[in-house]
Amino acid sequence: MAQPAPVSQLAPVPTDIASAAPAGPVTESVSRVALPVAFNVESRIGTLPWENETDYLSYMEANTGEAEDMLKARYALATRFIGTRELQGNAVEAFLRTPREHFVRERNLSRAYEDTWMPIGYGATITDPDVVSMMTTSLDIKPGHRVLEIGTGSGYQSAIISNMTNQVYSIEIIAPLSKETDELYTSLTPKYPQYANIHRKMGDGYYGWEEHAPFDRIIVTCAIDHLPPPLLRQLAPEGIMVVPLGPPGRQHIMEVSKTKDADGNDVLKRRDVYNGLQVKFIPFRDESGTSYSGKAGE
Ligand code: SAH
């Protein structure tokens, strides 16, 4: 994973959210079109035994038929992230139920549980598993939450989330990648029926997914230097958005929470979840390929 940069090298983090977000109303949308739940994963939450490796292995081998070497590697990585507190709460089970080996490229199969990002073609990457863990933990997803991901990429992040709630939405801008991952989910669904709850589309995630808004949780997996106003508007009251925020090449993982002040106005609170550690995500871009960073506004 990324190493902590000395404090002197860190980009200043604006303390006032308004300085990072372009002007615009931060009101929530009213529409909320519910899609049918293809598989109720929520009744299964909490049923995975993971306190010790033996119980985990026998449960997973019986229920998924996954290879023991992959399961052991996944368990070891999860144990490490539990130790660093990057993996907590519902995110532990979701991580342990998600076969990263299906989301890396074939040539990287033996490296599926290395703690590193890897190329997945089209200039995109599958994010490091520790950062995926930290972002998932920060989202604090509860059953019933409607979650939107910007940047489907390999599909790994949304696969994890689909173990935590029945309502997952994910947008990818690169057409062939979006199609490839859509087909991957379809092919995995007989064995992992929760992937049928991942509603995916090809498009520009800067504008969110209006017809299914508001979202209780939004996770942005591409780098941007401001909070996209449409995503802020589509974030539900009491919602949380997690986003790699910062200039190209160095971001901080920000957790942005929407709450109300005493007068009932929307207030955004932010927290740097890695407390100064910098990460590097690939750019949040528009349909022409131009980065949204440096051009705040709609
Ligand atoms: N969550 C992914 C990470 C993929 S990398 C995973 O688990 O593998 C980030 C992804 O964001 C890339 O696939 C990139 O194409 C996508 N992206 C960049 N700008 C986007 C936009 N405007 N809308 C949707 N996706 C975008």
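This text follows the structure it describes.
Quick look at the structure, then. (Residues numbered from 1 in each chain as written. Predicted model: local features only at pLDDT ≥ 70, side-chain atom pairs only at ≥ 80, totals over all residues. Heavy atoms only, no water.)

### Examining the nonpolar core
As a rule of thumb, nonpolar side chains are buried together in soluble globular proteins. Going by this rule: Only buried residues count toward a nonpolar core. Its members are Ala, Val, Leu, Ile, Met, Phe, Trp, Tyr and Cys residues joined through side-chain atoms within 4.5 Å. Burial classes follow relative accessibility: with a 1.4 Å probe on protein chains only, a residue under 20% of its type's maximum area counts as buried, one over 50% as exposed, and anything between as partly exposed. By definition, any uninterrupted DSSP run of H or I lasting at least four residues is a helix, any uninterrupted run of E lasting at least two residues is a strand, and each is numbered from the N terminus. Between two residues, a contact is recorded if the distance between any of their heavy atoms is within 4.5 Å.
Tyr-56, Phe-95, Phe-103, Tyr-195, Ile-253 and Tyr-274 are the most contacted members of the largest nonpolar core, which has 56 residues in total. In terms of residue count, helix H3 (residues 68–83) provides more of this core than any other element does, 6 residues in total. Not counting residues within four places of it along the chain, the set of residues in contact with Tyr-56 comprises Leu-48, Pro-49, Trp-50, Leu-71, Arg-74, Tyr-75 and Leu-96. Leu-235, Val-243, Leu-245 and Phe-284 belong to the second-largest nonpolar core, a separate cluster that totals 24 residues.

### Digging into the pattern of salt bridges
Defined as follows: A carboxyl oxygen of Asp or Glu within 4 Å of a side-chain nitrogen of Lys or Arg is what we treat as a salt bridge.
The full count for this structure, using the stated rule, is 12 salt bridges. One salt bridge in this structure joins Glu-66 and Arg-74, with 2.9 Å as the shortest N-O distance. Each member of the pair, Glu-66 as well as Arg-74, is classed as buried. As a salt-bridge pair, Asp-140 and Lys-142 come within 2.6 Å of each other at their nearest N and O atoms. Given the relative accessible area of 39%, Lys-142 is considered partly exposed. One salt-bridge network, held together by shared partners, links Glu-66, Arg-74 and Glu-101.

### Notes on the site of the ligand
The cut-off we apply is this: Here a residue counts as near a molecule or strand whenever at least one of its heavy atoms sits within 4 Å of it. Whenever a nitrogen or oxygen atom comes within 3.5 Å of another N or O atom, the pair is scored as a polar contact, on the condition that within protein one atom can donate a hydrogen and the other can accept it, and that pairs from neighbouring residues in sequence are kept only if both atoms are in side chains. Values of accessible area rely on a 1.4 Å probe in the Shrake-Rupley scheme; residue burial ignores everything except the protein chains shown. Under the convention adopted here, Pro, Cys and the residues Ala, Val, Leu, Ile, Met, Phe, Trp and Tyr are nonpolar, Asp, Glu, Lys and Arg are charged, and Gly plus all remaining residues are polar.
Near the ligand there are 26 residues, and of these Ser-154, Glu-172, Asp-204, Gly-205 and Arg-285 occur at the shortest range. Separating a nitrogen atom of the ligand from a backbone N or O atom of Gly-151 is a distance of 2.9 Å. Here Ser-154 contributes a side-chain N or O atom positioned 2.6 Å from an oxygen atom of the ligand. Protein contact buries 99% of the 580 Å² of open area that the ligand shows by itself. Mapped by element, the contributors of at least two residues to the shell around the ligand are strand E2 (124–126), strand E3 (146–150), helix H6 (156–161) and strand E4 (167–172). Counting residues per element, the shell around the ligand draws most heavily on E2, at 3 residues. Of the residues assigned to the shell around the ligand, the class counts are 12 nonpolar, 10 polar and 4 charged.

### A closer look at the environment of Thr-79
Along the chain, the position of Thr-79 falls in helix H3. Taking C-alpha positions, Thr-79 is 9.8 Å from Leu-96, a pair spaced 17 residues apart along the chain. Polar contacts involving the side chain of Thr-79 include one to the main-chain carbonyl oxygen of Tyr-75, which spans 2.7 Å.

### Overview of the layout of surface pockets
The rolling of a water-molecule-sized probe over the atoms marks out the regions of remaining empty space. As a reminder, the rule being used: In this analysis a 1.4 Å probe is tested at points of a 1 Å grid over the protein atoms alone, and where it fits but cannot get out there is a cavity; an open set with protein on both sides within 12 Å along at least five of seven lines is a pocket; lining residues have an atom within 4 Å of a point. Grid points are joined across faces, edges and corners, and a volume is the space filled by probe spheres set on the points.
There is about 660 Å³ of room inside the largest pocket. As for the largest pocket, its lining consists of 39 residues, of which Thr-125, Thr-221, Cys-222, Phe-281 and Ile-282 are closest to the centre. Elements supplying a minimum of two residues to the lining of the largest pocket: E2, helix H5 (129–139), E3, H6 and E4. Its residues assigned to classes, the lining of the largest pocket shows 21 nonpolar, 12 polar and 6 charged.

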